[in-house]
Amino acid sequence: MDKELKVRECWDNLAFEYDYKNSPKWFWTNPEAWAREIEHRISDSDGNKILDVGCGAGVISIPLSSRFDVTSLDFSSKMLLQLKSRKEDMKSELEIICADAHQLPFKDESFDVVICRFAVWPLHNPQHAISEMARITRKKIVIMEGDWGNTKITIRHKIFGRPVYGFHFLLYKFKTGREPKKQFEEMKKYHKTSTSFELIKEWLENAGVEIKEIDYSLKERVSTKKSKFLRALTGFEEEMFILVGEVRKDEEKT
Ligand SMILES: C[S@@+](CC[C@H](N)C(=O)[O-])C[C@H]1O[C@@H](n2cnc3c(N)ncnc32)[C@H](O)[C@@H]1O
């Protein structure tokens, strides 16, 4: 099978899992808290029109749509079907577009802010997709990602963490019928890209975006009580960040 189709299929298979109301998926961090982090960073003068790139089943788009004019974009039709049914169920107002992040089907500066949560790492050409995001935003880009390469695996994690997380995965499988570990392995076969703050910064700067803020402290604010407890117990720490960039206008670039 064509690699691009296979990649899409990987995400299609995860659509149910990314549902806004799938509580086991949101065990670690709280989607509403993530949405608040974005909301705080968009002022009235920035504007109201937001594009969520790689929106998945809309776990961030849905809460943001009560305050902003949101368009949600993804290339997985099953993710978008999941979003559509949840949108109807919750009477959310948002527009849904099926497209590839590498070719955004919009004119220049069509949106005030582009947001992208955990959807840079799967891209096969992140530089190109980030340039597309910079092209279609009038003002800001807000990216949320993990510095997974900096994950700390402590001895405490090896002794206590692995059994605890193993048990969590077992419960997850019991509740959802799915095996996260197997899915990660499948994903790894088709996704080569990894990200870090340094790489994303470089891609944004190459696209004419100035970095205005980088905040690693959000993890504490978006984490659920259960995940804070497990982190304290096992010493397992994953670094994640929110980054805000502003597009330099042509007159500023010269
Ligand atoms: C880890 S999920 C994140 C979903 C959502 N942003 C969230 O925070 O729940 C990555 C999403 O990116 C989408 N994606 C991956 N490659 C893409 C591409 N080339 N164009 C559009 N969407 C893409 C996947 O279908 C998936 O929904």
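Keep in mind that this is a model prediction, so the values were computed, not measured.

### Notes on the overall build of the protein
From N to C terminus, the protein includes 11 helices and 7 strands. Computed over C-alpha atoms, the radius of gyration of the protein comes to 18 Å, within 12% of the 18 Å expected from 2.2 N^0.38 for 254 residues, which places it in the range of a compact globule. Based on the C-alpha atoms only, the size of the protein along its principal axes is roughly 55 × 40 × 35 Å. With 254 residues in all, the protein has 50% of them scored as buried. Sequence separation of 24 or more characterises 78% of the internal contacts of the protein that already satisfy a separation of 6 or more. Each charge class in the protein can be summarised by its mean position, and for the 43 positive and 42 negative side chains these summaries are 7 Å apart.

### Considering the nonpolar core
Within the largest apolar cluster, 30 residues are counted, with the highest numbers of intra-cluster contacts made by Ile130 and Ile200. Contributing elements (two or more residues each) for this core: strand 1 (49–53), strand 4 (111–117), helix 5 (126–136), strand 5 (137–146), helix 8 (197–206) and strand 7 (240–247). Among the elements that make up this core, the one with the highest residue count is helix 5 (5 residues). Apart from residues no more than four positions distant in its own chain, Ile130 is found in contact with Val120, Ile143, Ile200, Trp203, Leu204 and Ala207. Counting 27 residues, the second-largest nonpolar core is a separate cluster that includes Ile50, Val70, Met144 and Leu218.

### Concerning the environment of Ile155
Of note, Ile155 is situated in helix 6 (residues 155–176). Taking relative accessible area as the criterion, Ile155 reaches 63% and is therefore assigned exposed. The spatial distance from the C-alpha of Ile155 to the C-alpha of Leu204 is 36 Å, given a sequence separation of 49 residues.

### What about the pairing of strand 1?
When you tally the buried positions in strand 1, you get 4 out of 5 residues, the bulk of the element. Across 5 bridges, the pairing between strand 1 and strand 2 (residues 69–74) is parallel. Each bridged residue has a counterpart across the sheet, and for Leu51 the counterpart in strand 2 is Thr71. As judged from the 3 bridges shared by strand 1 and strand 4, these two strands associate in the parallel manner. Bridge pairing in strand 4 places Asp52 opposite Ile115.

So, how was this worked out
- Residues numbered from 1 in each chain as written.
- Predicted model: local features only at pLDDT ≥ 70, side-chain atom pairs only at ≥ 80, totals over all residues.
- Heavy atoms only, no water.
- Helix = DSSP H or I, 4+ residues; strand = E, 2+ residues; numbered from the N terminus.
- Rg over C-alpha atoms; globule rule 2.2 N^0.38 Å.
- Buried < 20%, exposed > 50% of the residue type's maximum accessible area, 1.4 Å probe, protein only.
- Contact = heavy atoms within 4.5 Å.
- Lys, Arg positive; Asp, Glu negative; His and termini not counted.
- Charge placed at Lys NZ, Arg CZ, Asp CG, Glu CD.
- Core = buried A, V, L, I, M, F, W, Y, C linked by side-chain atoms within 4.5 Å.
- Pairing = 2+ DSSP bridges.

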